[in-house]
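Reading the structure
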Amino acid sequence: MHTLLISDLHLAPERPQITSQFLEFIRGIAPQAQALYVLGDLFEYWAGDDDDDALGLQAAAALAGLAANGTRVFLMHGNRDVLMGGLLAQRCGATLLDDPLLINLHGAPTLLSHGDALCTGDADYQRFRAYARDPGNQTKFLAQPLAARREQMLGMRAQSEASKQQKSETIMDVTPAAVEDLLRRHGYPRLIHGHTHRPARHLHVVDGRSCERWVLNDWYERGGYLRCDAAGCTMHRL
Ligand code: MN
């Protein structure tokens, strides 16, 4: 019995090789797992569940096939696909998760998160995050025609890429104090997150308690996943 966790695939029409890698992973590796968690940024951007883009439909169909085959599929929002809704989840045969979420992962209390909330050094980003996650703002945004939404999302994406060039590496990483605070509030669990694209295993000692923190890899160049069972977690690249 094991569970797989992935994040930050950033599936996009301009990276077809990553989409192929994802589809191969779903067909070949994921079916042996009891559950698959996608911890955010499955898509490079998601303009709303009425988006009929071929890539979205293809990814959803693959996940639905996996779920039908007996692997439970869980989706968490990232910053790029914060507008994934109930309709998409249904199409994926998946359950949408809160962020953060504490689960029992093969006997180990484990906190799952996308990870962007932990980047508290980036005040501009945190302001945008609060705006983008506000239900009122989401309703207003989704009331616009799909084409207008897509256009705005591409604009925001370009803006975020440009602003990242101006920011230091430290600002864009998680803030250790925010990590420690989160671990403290949830009873010192193991933490698994993505977002920063800095795959690693960290050890945090919080109030004398030792907590493992796994950072998932992004799929920009090459896919990969975290495999967890009762013995612990291991990182694998495709
Ligand atoms: Mn992200």
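What you see is a predicted model; the values in this text were computed from it and never measured.

1. Some points on the coordination of the manganese ion
- All of the protein donors around the manganese ion are Asp41 (OD), Asn79 (OD1), His114 (NE2) and His195 (ND1); their distances to the metal are 2.1 to 2.3 Å.
- Mapped onto the sequence, the residues coordinating the manganese ion show the spacing D-x37-N-x34-H-x80-H. In this pair, Asp41 sits in the loop between β2 (35–39) and α2 (54–68) while His114 sits in the loop between β6 (108–113) and α4 (123–132), placing the two residues 73 residues apart along the sequence.
- Judged by its relative accessible area of 1%, Asp41 is buried.

2. A short note on the state of the cysteines
- A complete count under the given rule lists 1 disulfide for this structure.
- The residue that forms a disulfide with Cys228 is Cys233, at a sulfur-sulfur distance of 2.3 Å. Judged by the sign of its S-S torsion, about 105°, the cystine formed by Cys228 and Cys233 is right-handed.
- Of all cysteine sulfurs in the structure, the one in Cys211 sits closest to Cys119, which takes part in no disulfide; the separation is 18 Å.
- Relative accessible area serves as the criterion here: at 3%, Cys119 is assigned to the buried category.

3. What to know about a nonpolar patch on the surface
- On the surface, a cluster of nonpolar side chains totalling about 280 Å² of accessible area is made up of Phe128, Tyr131 and Met156.
- Structurally, Met156 can be placed in helix α6 (residues 146–166).
- Residue classification places Met156 among the partly exposed residues on the basis of a relative accessible area of 31%.

4. Some thoughts on the sheet that holds strand β9 (residues 209–215)
- A sheet is described by the order of its strands in space; here 5 strands give the open sequence β5-β6-β7-β9-β8, paired in mixed fashion. Each of the sheet's edge strands pairs with one partner strand only, and the pair in question is β5 (101–105) and β8 (200–206). Recorded for the sheet is a direction-independent mean angle of 25° between the axes of neighbouring strands.
- Across 5 bridges, β5 lies against β6 in antiparallel orientation. Its bridge partner lying in β6, Leu105 is registered against Ala108.
- This element, helix α8 (residues 176–185), spans β6, β7 (190–193), β8 and β9 of the sheet and lies at about 65° to β8.

5. Structural notes on the environment of Gly40
- Following the sequence through the fold, Gly40 ends up in the loop between β2 and α2.
- Under the relative-accessibility criterion, Gly40 is labelled buried at 0%.
- Note: C-alpha distance between Gly40 and Val205 (165 residues apart in sequence) is 26 Å.
- For Gly40, the residues in contact, after removing those within four places along its chain, are Ser7, Asp8, Met76, His77, Gly78, Asp81 and His114.

6. Looking at α8
- If you check which residues of α8 are buried, you get Ala178, Val179, Leu182 and Leu183. Take α8 and look down its axis: the buried residues cluster within an arc of 135°, on one side only. Every exposed residue of α8 that faces more than 90 degrees away from the buried side is listed here: Ala177 and Arg185.
- Taken together, the buried residues of α8 touch β6, β7, β8 and β9.
- Backbone geometry just downstream of α8 places Gly187 in the positive-phi region, at approximately 80°.

7. Here's the deal with the sheet that holds strand β10 (residues 224–229)
- Reading across from one edge, β4-β3-β2-β1-β10-β11 is the order of the 6 strands in this open sheet, with mixed pairing throughout. Edge positions in the sheet fall to β4 (94–97) and β11 (232–237), since each has one partner strand and no second. In this sheet, adjacent strand axes meet at a mean angle of 25° when their direction is disregarded.
- Looking at chain direction, strand β1 (residues 3–6) and β10 are connected through 3 bridges and run antiparallel. Paired with Leu5 across the bridge in β10 is Leu226.
- The sheet strands contacting helix α1 (residues 16–28) are β1, β2 and β10, and the helix crosses β1 at an angle near 170°.
- Relative to strand β3 (residues 72–76), α2 is tilted by about 140°, and along the sheet it contacts β2 and β3.

Parameters and conventions
Residues numbered from 1 in each chain as written. Predicted model: local features only at pLDDT ≥ 70, side-chain atom pairs only at ≥ 80, totals over all residues. Heavy atoms only, no water. Donors = N, O, S within 2.8 Å, 3.2 Å for Na, K, Ca; no water. Helix = DSSP H or I, 4+ residues; strand = E, 2+ residues; numbered from the N terminus. Buried < 20%, exposed > 50% of the residue type's maximum accessible area, 1.4 Å probe, protein only. Disulfide = S-S within 2.5 Å. Patch = residues over 30% accessible without salt bridge, like charges linked within 9 Å, V, L, I, M, F, W, Y side chains within 5 Å. Areas by Shrake-Rupley, 256 points an atom, 1.4 Å probe, with all protein chains shown as cover. Salt bridge = Lys/Arg side-chain N within 4 Å of Asp/Glu carboxyl O. Pairing = 2+ DSSP bridges. Axes fitted to C-alpha atoms, helices over the stretch in contact; angles between N-to-C directions. Contact = heavy atoms within 4.5 Å. Arc of directions from axis to C-beta.

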